[in-house]
Amino acid sequence: MTLSHDAASRFAQVLSEALPYINRFVGKTLVIKYGGNAMESDELKTGFARDIVLMKAVGINPVVVHGGGPQIGDLLKRLNIESRFVDGMRVTDGQTMDVVEMVLGGQVNKDIVNLINQHGGQAIGLTGKDARLIRARKLQVTRQTPEMTQPEIIDIGQVGEVASVNTELLDMLVRGNFIPVIAPIGVGPDGESYNINADLVAGKVAEAIKAEKLMLLTNIAGLMDKEGKVLTGLSTAQVDALIADGTIYGGMLPKIRCALEAVQGGVTSAHIIDGRVPNAVLLEIFTDTGVGTLITNKA
């Protein structure tokens, strides 16, 4: 089959635009948080797997961290286990933690690994418990109202935060030409499992390995101003100002804070991108315009 002149010109233009970015990022490591809407469509899932394999093929080292909240919720519902949330975090008792491990460490993780491998990659699935990849501590949640003299401590069970990351394991896998796919389950000092927010894990992994980029796939076009226009090319100081004036609020705050902490901790740039867009990861990395919000330390 022969390409038409217009199609051939567009193809050449795409390659020409991508080449400087490929050269710039060869040998660099990128951490991609994969979840939400990007995991719900077969077409988007296949596109994501191909994107990851292509990145590795051109010499870029992707590390994938995935979520799976909807899948956990579905199984809990089928098992007649009530889902409860505090400040957007799933209350995780022992029974719920068993389901979290089953879904994230088993079903979701292996599905992603299998899909990447089907498209020519060498993905390997991990949870934070493997070789103590993600050491965790229990997340302390407090709440205070004007009527309280002291904050109330709320126990949300086996929900954790990242204490440290085993970078030696990740370095070994990347050097071995593998694509790590990480389920956000951590392990405490006593061997207890902890359910950790996937954005938080991705940010801390990116920070620990000094990644070139942290990419957080979400279900919106990016960080928007009060008129609904996507903002990009932001410095950390500009993001702080947007939080202070109320432009960034609600459910976007934890994601933005995760991106900020990663950049402040040594990651070159963080990206909030729309996982509903086909090939969003490649478009953000290899095109001039991108498809989301870029945050850096540059003024």
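Residues numbered from 1 in each chain as written. Predicted model: local features only at pLDDT ≥ 70, side-chain atom pairs only at ≥ 80, totals over all residues. Heavy atoms only, no water.

Under an unreviewed UniProt entry, the protein has the name Acetylglutamate kinase and belongs to Azomonas agilis. On record in UniProt, under Catalytic activity (unreviewed entry), the comment for the protein is "N-acetyl-L-glutamate + ATP = N-acetyl-L-glutamyl 5-phosphate + ADP". Looking at the Subcellular location (unreviewed entry) heading of the UniProt record, one finds this comment for the protein: "Cytoplasm". (UniProt positions renumbered as here; feature names shortened; annotations may be inferred.)

1. Structural notes on the pairing of strand β2 (residues 61-66)
Counting buried positions along β2 yields six of six residues, so the element is predominantly enclosed. Residues of β2 alternate between two faces, with N61, V63 and V65 on one and P62, V64 and H66 on the opposite face, all of them buried. Taken together, the six bridges between strand β1 (residues 29-34) and β2 define a ladder with parallel strand orientation. In the sheet register, V31 faces β2, and the bridge partner there is V63. Here two bridges tie β2 to strand β10 (residues 179-183), and the two strands are oriented parallel to one another. Residue V65 lies in a different strand from β10, and its bridge partner there is I182. (Buried < 20%, exposed > 50% of the residue type's maximum accessible area, 1.4 Å probe, protein only. Helix = DSSP H or I, 4+ residues; strand = E, 2+ residues; numbered from the N terminus. Pairing = 2+ DSSP bridges.)

2. Concerning the UniProt feature "binding site: substrate" (unreviewed entry) in the protein
Sequence positions flagged by UniProt for "binding site: substrate" (unreviewed entry) are, in local numbering, G68, G69, R90 and N195. A maximum C-alpha distance of 12.0 Å among these annotated residues, which run over 128 residues, shows that they cluster at one spot. With respect to the secondary-structure elements, R90 resides in strand β4 (residues 89-90). Classification of R90 by relative accessible area gives buried; the value is 12%. Those residues in contact with R90 that sit more than four places away from it in its chain are G69, I72, G73, L76, S83, R84, F85, T96, I156 and V159. For R90, the side chain forms a polar contact with the side chain of S83, separated by 3.0 Å. With respect to the helices, strands and loops of the structure, N195 is situated in strand β12 (residues 193-195). For N195, a relative accessible area of 11% translates into the label buried. In this structure N195 touches T92, M97, V100, L104, Q158, V159, G160 and P184, once residues within four positions along its chain are discounted. (Contact = heavy atoms within 4.5 Å. Polar contact = N/O pair within 3.5 Å; in protein donor to acceptor, adjacent residues only side chain to side chain.)

3. Some words on the packing of helix α7 (residues 236-244) against helix α8 (residues 252-264)
Where α7 meets α8, the axes come as close as 11 Å, and the angle between the chain directions of the two elements is 155°. One way to sum up the angle between α7 and α8 is to call them roughly antiparallel. Once α7 is placed against α8, the crossing between them reads as left-handed. Residue-level contacts link T236, V239, D240 and I243 of α7 to L253, I256, R257, L260, V263 and Q264 of α8. (Axes fitted to C-alpha atoms, helices over the stretch in contact; angles between N-to-C directions. Parallel < 35°, antiparallel > 145°, perpendicular 65-115°, else oblique. Left-handed = near helix turned anticlockwise from the far one by under 90°.)

4. Here we look at the sheet that holds strand β15 (residues 269-274)
Spatial strand order, β5-β10-β2-β1-β13-β15-β16-β14: eight strands in an open sheet with mixed pairing. The open sheet has two free edges, formed respectively by β5 (123-127) and β14 (234-235), since each of these has just one partner strand. Judged from the six bridges that link them, strand β13 (residues 213-218) and β15 form a sheet pairing that is parallel. Residue pairing across strands places L216 opposite I272, the latter belonging to β15.

5. Overview of the packing of aromatic side chains
Tallied over the full model, the rule gives one aromatic pair. When the ring of Y34 is compared with that of F48, the centres are 3.8 Å apart and the planes differ by 5°; the resulting orientation is stacked. On the criterion of sequence distance, the pair formed by Y34 in strand β1 and F48 in helix α2 (residues 42-57) is long-range, its members being 14 residues apart. Just as Y34 is buried, F48 falls in that class too. (Phe/Tyr/Trp six-rings, centres within 6.5 Å; stacked < 30°, edge-to-face > 60°.)

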